[in-house]
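# Examination of the molecular architecture
Here are the chains, one letter per residue:
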Amino acid sequence: MEKIMLKKILFFLLCLVVTSNAIAEDEPIRLKFSHVVSNDTPKGRAADFFKDRVHDLTNGRIEIEIYPEGKLYKDKDEIEALQRGDVQIIAPALGKLGAIVPEFGVFDIPYLFDNYIKVHEVANGSPGRQLFGKLESKGMRGLAYWDSGFKVLSANFSIKTPADLKGKKIRIQPAIVGSELQIKGLQAVPIAIPVAEQYQALQKGTVDGAENPIVNFYTQNLYEVQKHLTLTEHGFLGYAVIINKDFWDKLPDWARSALTKAMANATDYANNLARNHAKEYLLKITQTGKTEVNVLIPEERESFKKALVPVQKEMAQRLGTDEALKAIYQTTGFTP
Ligand code: LMR
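Throughout what follows, the structure given in this document is the object of discussion. Please read all numbers here as calculations on a predicted model, not as lab measurements.

## Here we look at the site of the ligand
By nearness alone, every residue bordering the ligand is listed as Val36, Val37, Lys43, Ala93, Lys96, Arg171, Gln173, Pro174, Val195, Asn216, Leu237 and Tyr239. One nitrogen or oxygen atom from the side chain of lysine 43 is found 2.6 Å from an oxygen atom belonging to the ligand. Measuring from an oxygen atom of the ligand, one finds a side-chain N or O atom of glutamine 173 at 2.6 Å. Coverage of the ligand by the protein amounts to 99% of the 270 Å² it exposes when considered alone. Here the ligand occupies the largest cavity. In terms of residue class, the shell around the ligand is made up of 7 nonpolar, 2 polar and 3 charged.

Here you go:
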């Protein structure tokens, strides 16, 4: 009898703790959304779109503050800040999550995706959900995958084959093992520099060239400091939009459904923009007359692919044989 009484008291106390931590139905909700690129990129614009959509759907009961260009946190710091709950939403490059859940590194296997259709089959299908599932025990919840684009290489010399890059210092994205391996695989020297700091590094000659998706190349004004850009498309850059899990769990149902709906709209918006901006910004780069855009002929493209086969193999070996990875390899037709 006493035991039953004690259990009831404990249960009552537990309920008290849970409800006192939850966000009250009528409490205004504020979220900080931090990212590292310009407002003019697909990610920047989609974050703004998400903020406005959430405001409209909730009549201002949920307000989102956007912090672009790494003003609040940079790269790896933003992931730690999210885990601590100092910021509620971030959208890092998928490979940057590899430091927490190594399987996210799969997105950086060179030439893994032939096109966006394959990217979306992975991201929106069971593999994407399985990968997001792995974030939960790390205090994060995946909300969506957003595209940025396929990466290109730039320099002040023309790049036609991997031989042109031999020994050259190339700026890569910080905290992405796959990027490092890709550049090493091309016999060049990878130097990790935050996206917003590369302009200066290129201007000063700290590095000889850089890898970026077209949208980041253009919005960072890199055409002012890079004479040549080659459409190598040697890897994909996409983002995981993630929220602090504790924060999410404490939200009332109406707030979770508004955020989910707004995120679905923002994802369509982001992905359409990524494709349109890549074309539009490439044209604008050409129109500046400062950077020559080089389209590889099939033999040249093949030389990049061939040079990166050992990197594909090495990455697959490092990543292991998780079910999500097997499903991704099946979808993309990749043989590890
Ligand atoms: C980079 O570091 O260049 C990118 O990952 C930045 C971004 O978020 O697009």
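## Some details on the side chain of histidine 120
Mapped onto the secondary structure, histidine 120 falls in helix α4 (residues 116–124). The buried category is assigned to histidine 120, whose relative accessible area is 19%. Apart from residues no more than four positions distant in its own chain, histidine 120 is found in contact with Gly125, Asp147, Asn271 and Arg275.

## Considering the side chain of serine 148
Its location among the elements puts serine 148 in strand β4 (residues 140–155). Within the structure, serine 148 has its side chain in polar contact with the side chain of tyrosine 239 (distance 3.3 Å).

Analysis parameters
Residues numbered from 1 in each chain as written. Predicted model: local features only at pLDDT ≥ 70, side-chain atom pairs only at ≥ 80, totals over all residues. Heavy atoms only, no water. Near = heavy atom within 4 Å. Polar contact = N/O pair within 3.5 Å; in protein donor to acceptor, adjacent residues only side chain to side chain. Areas by Shrake-Rupley, 256 points an atom, 1.4 Å probe, with all protein chains shown as cover. 1 Å grid on protein atoms, 1.4 Å probe; cavity = no way out; pocket = protein on both sides within 12 Å on 5 of 7 lines; lining within 4 Å. Sits in = over half its atoms within 2 Å of the grid points. Nonpolar A, V, L, I, M, F, W, Y, C, P; charged D, E, K, R; others polar. Helix = DSSP H or I, 4+ residues; strand = E, 2+ residues; numbered from the N terminus. Buried < 20%, exposed > 50% of the residue type's maximum accessible area, 1.4 Å probe, protein only. Contact = heavy atoms within 4.5 Å.

This is a description of form; function is not addressed.
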